[in-house]
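So you can see what is in the structure, the chains are spelled out below.
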Amino acid sequence: MTELPGAEPFRIKMVEPVRLTTRDERETRIAKAGYNLFSLDSQDVYIDLLTDSGTGAMSDSQWAGLMLGDEAYAGSRNYHNLAAAVRDVMGFPYVLPTHQGRAAEHLLFTTLVGDGQLVPNNMHFDTTKAHVEHRRATALNFVTVRGLDPEARDPFKGNLDLQALARFLEEEGKGRVPLLMATLTCNSNGGQPVSLENLRGLRAIADRHGLPVFIDAARFAENAYFIRTREPGQAHRSVADIAREIFSYADGCTMSAKKDCLVNIGGFLAMRDPCLYEQAVVWGVLFEGFPTYGGLAGRDLEAMARGLREVVDDQYLDYRIGQVAYLADKLRQAGVPMVEPPGGHAVYLDARRFLPHLPSRQLPGQALAVELYLEGGVRGVEIGSVLTGRDPSTGENVEPQLELVRLTIPRRTYTHRHMDYVAAAVGAVFARRGSVRGLRFTHEPPVLRHFTARFERV
Ligand code: F0G
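This report concerns the structure included in the present document. Given the structure is predicted, the values throughout are model-derived calculations rather than measurements. Throughout this description, residue numbers start from 1 for each chain and increase along the sequence as written. Reporting in this predicted model follows two pLDDT cut-offs: at least 70 for local features of residues, and 80 or more for side-chain atom pairs to be given and counted; totals over whole chains, interfaces and linings ignore these cut-offs and use all residues. Side-chain calculation: all heavy atoms of the structure are included, whereas hydrogens and water are not.

**Overview of the overall build of the protein chain**
Looking only at helices and strands, the protein chain features 17 helices and 14 strands. Here the radius of gyration uses the C-alpha set of atoms, whereas the globule reference equals 2.2 Å times the residue count to the power 0.38. Taken against the 2.2 N^0.38 rule, which gives 23 Å for 458 residues, the C-alpha radius of gyration of the protein chain at 22 Å falls within 12% of a compact globule. For the protein chain, the spread of C-alpha atoms along the three principal axes comes to 60 × 55 × 50 Å. In this scheme, a residue with accessible area under 20% of its type's maximum is buried, one over 50% is exposed, and one in between is partly exposed, where area comes from a 1.4 Å probe on protein chains only. Within the span of the protein chain, comprising 458 residues, buried residues form 57% of the whole. Between two residues, a contact is recorded if the distance between any of their heavy atoms is within 4.5 Å. Considering only intrachain contacts with a sequence separation of at least 6, the fraction spanning at least 24 residues in the protein chain is 72%. In the form shown here, the protein chain has an accessible surface area of approximately 19200 Å², with 53% of it arising from carbon and sulfur atoms. His is not counted, nor are the chain ends, whereas Lys and Arg count as positive and Asp and Glu as negative. Each charge is placed at NZ for Lys, CZ for Arg, CG for Asp and CD for Glu. A gap of 3 Å separates the mean positions of the 52 positive and 56 negative side-chain charges of the protein chain. Helix and strand definitions follow DSSP, with helices as H or I runs of at least four residues and strands as E runs of at least two, each counted in order from the N terminus. Note on areas: Shrake-Rupley with a 1.4 Å probe; residue coverage comes only from the protein chains shown.

Below, the structure is given as structure tokens:
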């Protein structure tokens, strides 16, 4: 029997028009935006790959769920539906809804982390690091060395270096670590997964030191899919089954529901320990709202509950990860340098190898992102020198380990034909790469400079 190509496991019943601008229009728009893609209006973007966060399409069931919102201040039925979904999919008995993922980090770290403490993770997402630092603690990354090599084709480049972590806990970290974390998938180095074996090892280390393990679960289903397809002995299992095993090694999780709950806004903090829950509730009431709504409407909770059950569907994930791989295949055929293997939510272009004639100070990642917009109205995001910023103690620019442009694919939003278009736009810039000019700052805000900085061409 011939194998049929996989196609989208959904059909479309509502469309949102997008408009392709002319090259001249884009020149004007990007100059007006100070060559910062965050300052563009979305109507001036044709294919928006800035983020996969809150940009996906909800299902008919999720939209129907919105109409069942119970907007009671306390004890809405949608909260109970969410709690049941978290229990079934993740196995955690306690859940505190939050308005998005970083709010769950805020509650967790306010509860567990204090002055001078150290928090190990494979790699902290920016907001996670910022929230650790907000508690006057230090965020430490323990991803393996190969995880930071854009050309290493290891299957689990999100894995923690467990030996280094164990050593650290015996030495500098002794008595100073309140919890261990793992981010699934590891967004900061390309959406790379963590293996079950690595998580089991992390649990063993945590047990030896009596520490809780929390998972940043933003893209847990994509991680579980990679385990199914890449880890020996896992191919026969469902993603749902693997996800339950992942969470069995953890004491709780922070969740940005804008990713793997398939909603446009929402998050939660989930856990096993009732005492920890009681403590976190106090902060939840202060920062987010009553513990059964946590900064969200009842209808949002319902959409989140339904999305959490939908996301562990194997056919959905075949399509989801397949679409990212499809774009990566096209780019690879064109010889475009990128982080290999591609992650679950995005393709990360390697700007250093793409534009080798531009030194770091000419911001090759930002220059490449601008060029992709000019070429085809495609908006990616720089994850390199601009994002990394300056060392707060010395004021010097920090040279990032990787200089990347992330082409992030929203969930269930664009077709494979859109991916063909994106690949053609990247290919066209690659063909004229030698003529791409660098950028320099004309306005540099002191914190989180990437959002509001302005640039000019060198
Ligand atoms: N953890 C990870 C791994 C993330 O990627 C994000 C957000 C968060 C936590 C914070 O969640 O945005 O709901 O507050 N990542 C987005 C991105 C913004 O574009 O990668 P949030």
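Let's pick the thread back up.
**Structural notes on the packing of helix α8 (residues 220-230) against helix α9 (residues 239-248)**
Across the interface, α8 lies against α9 with an axial gap of 9 Å and an inter-helix angle of 110°. Taken as axis vectors, α8 and α9 run roughly perpendicular relative to one another. Contacts between α8 and α9 involve Phe220, Ala221, Asn223, Ala224, Tyr225, Ile227 and Arg228 from the first element and Val239, Ile242, Ala243, Ile246 and Phe247 from the second. When residue character is reported, Ala, Val, Leu, Ile, Met, Phe, Trp, Tyr, Cys and Pro are called nonpolar, Asp, Glu, Lys and Arg charged, and the others, Gly included, polar. Of the residues belonging to the contact of α8 with α9, the class tally is 10 nonpolar, 1 polar and 1 charged. Helix axes are fitted to C-alpha atoms over the stretch in contact, other axes to C-alpha atoms as well, and angles between N-to-C directions run from 0 to 180 degrees. With respect to orientation, any angle under 35 degrees is reported as roughly parallel, any angle over 145 as roughly antiparallel, any angle of 65 to 115 as roughly perpendicular, and every other angle as oblique.

**Focus on unusual backbone geometry**
Here Leu184 and Thr185 are connected by a cis peptide whose omega angle stands at -15°. For Thr185, the position within the fold is in the loop between β5 (180-183) and α7 (196-209). The phi dihedral of Leu262 falls on the positive side, at around 60°, and the residue is not glycine. Assignment of secondary structure puts Leu262 in the loop between β7 (252-256) and β8 (267-271). By relative accessible area, which is 4% here, Leu262 ends up buried. Positive phi values are uncommon outside glycine, yet Arg412 reaches one of about 60°. With respect to the helices, strands and loops of the structure, Arg412 is situated in the loop between β12 (404-408) and α16 (416-431).

**So, the site of the ligand**
Residue proximity to a molecule or strand is established when one non-hydrogen atom of the residue lies within 4 Å of it. Around the ligand, 17 residues are found, and the nearest of them are Thr51, Arg102, Asp216, Ser256 and Lys259. Here a polar contact is recorded for every N or O atom pair within 3.5 Å, except that within protein the pair must consist of a potential hydrogen donor and a potential acceptor, and residues adjacent in sequence are included only if both atoms are side-chain atoms. Contacts to the ligand include Thr51, whose side-chain N or O atom sits 2.7 Å from an oxygen atom. Summarising the interface, the protein chains cover 93% of the accessible area of the ligand, which totals 480 Å² for the free molecule. Among the elements that make up the shell around the ligand, the one with the highest residue count is helix α4 (residues 101-112) (3 residues). Looking at side-chain class alone, the shell around the ligand contains 2 nonpolar, 8 polar and 7 charged residues.

**Description of the side chain of Asn223**
For Asn223, the position within the fold is in helix α8. Overall, the relative accessible area of 0% leaves Asn223 in the buried class. Once residues within four sequence positions are removed from consideration, Asn223 is found in contact with Leu184, Thr185, Gln192, Pro193, Val194 and Ile246.

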